[in-house]
Amino acid sequence: MLVLVSVFAAVSLNAAQPAERITDWREAVRCLAVFETVASRSFAAHVQDSGAGHDDRAVQYDDLAMSLIGSMGERFTFARMEQAETIRAREAQALAPRSMEEVQALADDCRARLPDPPVMP
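A brief report on the enclosed structure follows. On a predicted model such as this, the values are computed, not experimentally measured, just so you know.

**As for helix H5 (residues 100-113)**
Then comes step 1: The first and last C-alpha atoms of H5 sit 20 Å apart over 14 residues, in line with the 20 Å expected at 1.5 Å per residue.
Then comes step 2: Residues of H5 that are buried include every one of Met100, Val103, Gln104, Ala107, Cys110 and Arg113, and no others.

What follows is the structure, encoded as structure tokens:
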């Protein structure tokens, strides 16, 4: 019984730990692709069922993506922007076959690890 309580306490403490902040711009660019994917799929779902609330989620994630894009313009050189676009395109391609639930979980992780509103590190 004591072992179960200890395990539960350890799991609870781990769950309560704040997520590690993203400090690498490449990882933030991957989050950009995740946000864009959630927004795009949510807009598509809204077209199929306009009353299901997908439009609100699409706008929310589009805003998060635009925040990252805006900070890229402020912080990145042209060469880094080109690198970022290559990373973003590869990540978007890798996300394509994944389920919406998987991509949403990645988006939730990104949101927890980036500042609000998100900016490039």
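After that view of the structure, there is still more to cover.
**Overview of the packing of aromatic side chains**
Then comes step 1: Under the counting rule described, the total for this entry stands at two aromatic pairs.
Then comes step 2: Here tryptophan 25 and phenylalanine 76 contribute two aromatic rings whose centre-to-centre distance is 5.4 Å and whose plane-to-plane angle is 75 degrees, an arrangement assigned as edge-to-face. Here phenylalanine 76 lies in the loop between helix H3 (54-75) and helix H4 (78-95) and tryptophan 25 lies in helix H2 (residues 25-48), a separation of 51 residues in the sequence.
Then comes step 3: The buried category is assigned to tryptophan 25, whose relative accessible area is 8%.
Then comes step 4: Residue phenylalanine 76 is classed as buried on the basis of its relative accessible area, which comes to 10%.
Then comes step 5: Ring centres of phenylalanine 35 and tyrosine 61 lie 5.8 Å apart, and the angle between their planes is 45 degrees; on these two criteria the pair is classed as tilted. A residue pair is termed long-range when its members are at least 10 positions apart, and phenylalanine 35 in helix H2 and tyrosine 61 in helix H3 qualify at 26 residues.
Then comes step 6: Sitting over the face of the ring of phenylalanine 76, arginine 80 holds its NZ or CZ atom 5.8 Å from the ring centroid.

**Remarks on the environment of alanine 105**
Then comes step 1: Residue position: alanine 105 is located in helix H5.
Then comes step 2: Sequence-wise, alanine 105 and valine 34 are 71 residues apart; in three dimensions their C-alpha atoms are separated by 9.6 Å.

**Concerning the nonpolar core**
Then comes step 1: Ranked by size, the top nonpolar core spans 26 residues in total, and within it Val29, Phe35, Tyr61, Phe76, Leu114 and Met120 carry the most contacts.
Then comes step 2: Of all the secondary-structure elements, those providing two or more residues to this core are H2, H3, H4 and H5.
Then comes step 3: Looking at this core element by element, the count peaks at ten residues for H2.
Then comes step 4: With residues near it in sequence (within four places) discarded, tyrosine 61 still touches Phe35, Val38, Ala39, Gln104, Ala107, Asp108 and Arg111.

**Notes on the side chain of arginine 113**
Then comes step 1: Within the secondary structure layout, arginine 113 lies in helix H5.
Then comes step 2: Of the residues examined, arginine 113 reaches a relative accessible area of 13% and is grouped as buried.
Then comes step 3: Polar contacts involving the side chain of arginine 113 include one to the side chain of glutamate 27, which spans 2.6 Å.
Then comes step 4: Not counting chain neighbours up to four residues away, the residues in contact with arginine 113 comprise Ala19, Glu20, Arg21, Ile22 and Glu27.

**Some points on the environment of glutamine 104**
Then comes step 1: As for its placement among the helices and strands, glutamine 104 is situated in helix H5.
Then comes step 2: For the pair glutamine 104 and phenylalanine 35, spaced 69 residues apart in the sequence, the C-alpha separation amounts to 8.6 Å.
Then comes step 3: Leaving out residues up to four positions away in the same chain, glutamine 104 has contacts with Val38, Arg57 and Tyr61.
Then comes step 4: Within polar-contact distance, the side chain of glutamine 104 engages the side chain of arginine 57 at 3.5 Å.

**Looking at unusual backbone geometry**
Then comes step 1: Along the chain, aspartate 116 connects to proline 117 via a cis peptide bond; the corresponding omega equals 0 degrees.
Then comes step 2: Structurally, proline 117 is set in the segment after H5.

What counts, and where the lines are drawn
- Residues numbered from 1 in each chain as written.
- Predicted model: local features only at pLDDT ≥ 70, side-chain atom pairs only at ≥ 80, totals over all residues.
- Heavy atoms only, no water.
- Helix = DSSP H or I, 4+ residues; strand = E, 2+ residues; numbered from the N terminus.
- Expected span 1.5 Å × (residues − 1).
- Buried < 20%, exposed > 50% of the residue type's maximum accessible area, 1.4 Å probe, protein only.
- Phe/Tyr/Trp six-rings, centres within 6.5 Å; stacked < 30°, edge-to-face > 60°.
- Lys NZ or Arg CZ within 6 Å of the ring centre and 35° of its normal.
- Core = buried A, V, L, I, M, F, W, Y, C linked by side-chain atoms within 4.5 Å.
- Contact = heavy atoms within 4.5 Å.
- Polar contact = N/O pair within 3.5 Å; in protein donor to acceptor, adjacent residues only side chain to side chain.

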